[in-house]
Amino acid sequence: MRGTPRIYNDIAVPPRHETDNRSKGKWVNLLRDMNVGDCVILTHNECLSIYSTAARHRIKLVKKLAPDITADKNMYMVWRVSNEDD
């Protein structure tokens with residue numbers, strides 16, 4: 001049987017490698033690829049997901065219902081209108 005784990009002090013956390021994408025989801029990657037003024041067409045559920053992700057990263061989005069572009073009435077056009085540092 002193993003005892004209590006030993007506690008170590010003053011050991012630095014290794015830096016995260018720049019190619020480590022484990023913490024980046026599909027919406028974070030999409031938002032990072034978009035520039036201000038870029039637009040994507042999303043379903044209602046996708047729109048909810050990207051809005052919550054954008055809020056966490058302090059990115060402002062604008063959406064408009066887009067029934068003219070697609071036959072489906074639940075499609076939205078979503079524009080990125082600000083960056084994280086704006």
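Residues numbered from 1 in each chain as written. Predicted model: local features only at pLDDT ≥ 70, side-chain atom pairs only at ≥ 80, totals over all residues. Heavy atoms only, no water.

### A few points about the overall build of the protein chain
Operational definition: The numbering of helices and of strands both runs from the N terminus, where a helix is a DSSP run of H or I of at least 4 residues and a strand a run of E of at least 2. Three labels apply to residues, based on accessible area from a 1.4 Å probe with only protein chains included: buried if under 20% of the type maximum, exposed if over 50%, partly exposed otherwise in between. Contacts are assigned to residue pairs that have any heavy atoms within 4.5 Å of one another. Shrake-Rupley sampling with a 1.4 Å probe provides the accessible areas, and residues are treated as covered by the protein chains on show and by no other component.
Counting its secondary structure elements, the protein chain contains 2 helices and 3 strands. When the helices and strands of the protein chain are placed in sequence order, the string is α-β-α-β-β. Of all 86 residues assigned to the protein chain, the portion counted as buried reaches 23%. Long-range pairs, those at least 24 residues apart, make up 49% of the contacts in the protein chain between residues at least 6 apart in sequence. Surface exposure of the protein chain reaches about 7,000 Å², of which carbon and sulfur atoms provide 51%.

### A closer look at the packing of aromatic side chains
The line we're drawing: Aromatic rings from Phe, Tyr and Trp, taking only the six-membered ring of Trp, are treated as a pair when their centres fall within 6.5 Å; an angle between ring planes under 30 degrees marks them as stacked, one over 60 as edge-to-face, and anything in between as tilted. Each ring is checked for a lysine NZ or an arginine CZ that lies within 6 Å of its centre and within 35 degrees of its normal; such an atom marks a charge sitting over the ring.
One pass over the full model with this rule turns up 0 aromatic pairs. The aromatic ring of Tyr51 is capped on one face by Lys63, whose charged end is 5.5 Å from the ring centroid. One Lys or Arg, Lys63, reaches over the ring of Tyr76 and ends 5.3 Å from the middle of that ring.

### Some details on the packing of helix α1 (residues 26-33) against helix α2 (residues 44-56)
For the record, the criterion: A fitted line through C-alpha atoms serves as each axis, taken over the contacting stretch for helices, and the angle formed by two N-to-C directions is quoted from 0 to 180°. Between 65 and 115 degrees an angle is taken as roughly perpendicular, under 35 as roughly parallel, over 145 as roughly antiparallel, and anywhere else as oblique. Polar here means any residue other than Ala, Val, Leu, Ile, Met, Phe, Trp, Tyr, Cys and Pro, which are nonpolar, and Asp, Glu, Lys and Arg, which are charged; Gly is therefore polar.
Where α1 meets α2, the axes come as close as 9 Å, and the angle between the chain directions of the two elements is 75°. Considered as vectors, α1 and α2 are oriented roughly perpendicular to each other. Only Glu46, Ser49, Ile50, Thr53 and Ala54 of α2 make contact with α1, whose side of the interface consists of Trp27, Val28, Leu30 and Leu31. Broken down by class, the residue content of the contact of α1 with α2 amounts to 6 nonpolar, 2 polar and 1 charged.

### A few points about the sheet that holds strand β3 (residues 75-80)
Operational definition: When DSSP locates at least two bridges between a pair of strands, those strands are taken to pair.
In spatial order, the strands read β1-β3-β2; together these 3 strands make up an open sheet with antiparallel pairing. Of all the strands in the sheet, the pair left with one neighbour each is β1 (39-43) and β2 (61-65). Averaged over neighbouring strand pairs, the angle between their axes works out to 30° when direction is ignored. Here β1 pairs with β3 via 5 bridges, running antiparallel. Among the inter-strand pairings, Thr43 is bridged to a residue of β3, identified as Met75.

### Let's talk about α1
The periodicity of an α-helix, 3.6 residues per turn, causes residues three or four places apart in sequence to face the same way. Basically, it comes down to this: The arc in question is formed by the directions pointing from the helix axis toward the C-beta atoms.
By the burial criterion, the buried members of α1 are Trp27, Val28 and Leu31. Summarising the axial view, the buried residues of α1 lie within an arc of 100°, below the 170-degree limit, and thus occupy one face. Opposite the buried face of α1, by more than 90 degrees, sit the exposed residues Lys26 and Asp33.

### Considerations on unusual backbone geometry
Excluding glycine, a negative phi dihedral is what most residues carry, and trans is how most peptide bonds are arranged. In this structure, Asp10 is a non-glycine residue whose phi angle is positive, near 60°. Here Asp10 shows up in the segment before α1. We note that Arg58 has phi near 55°; this positive angle belongs to a residue other than glycine. Tracing the sequence through the fold places Arg58 in the loop between α2 and β2. Judged by its relative accessible area of 64%, Arg58 is exposed.

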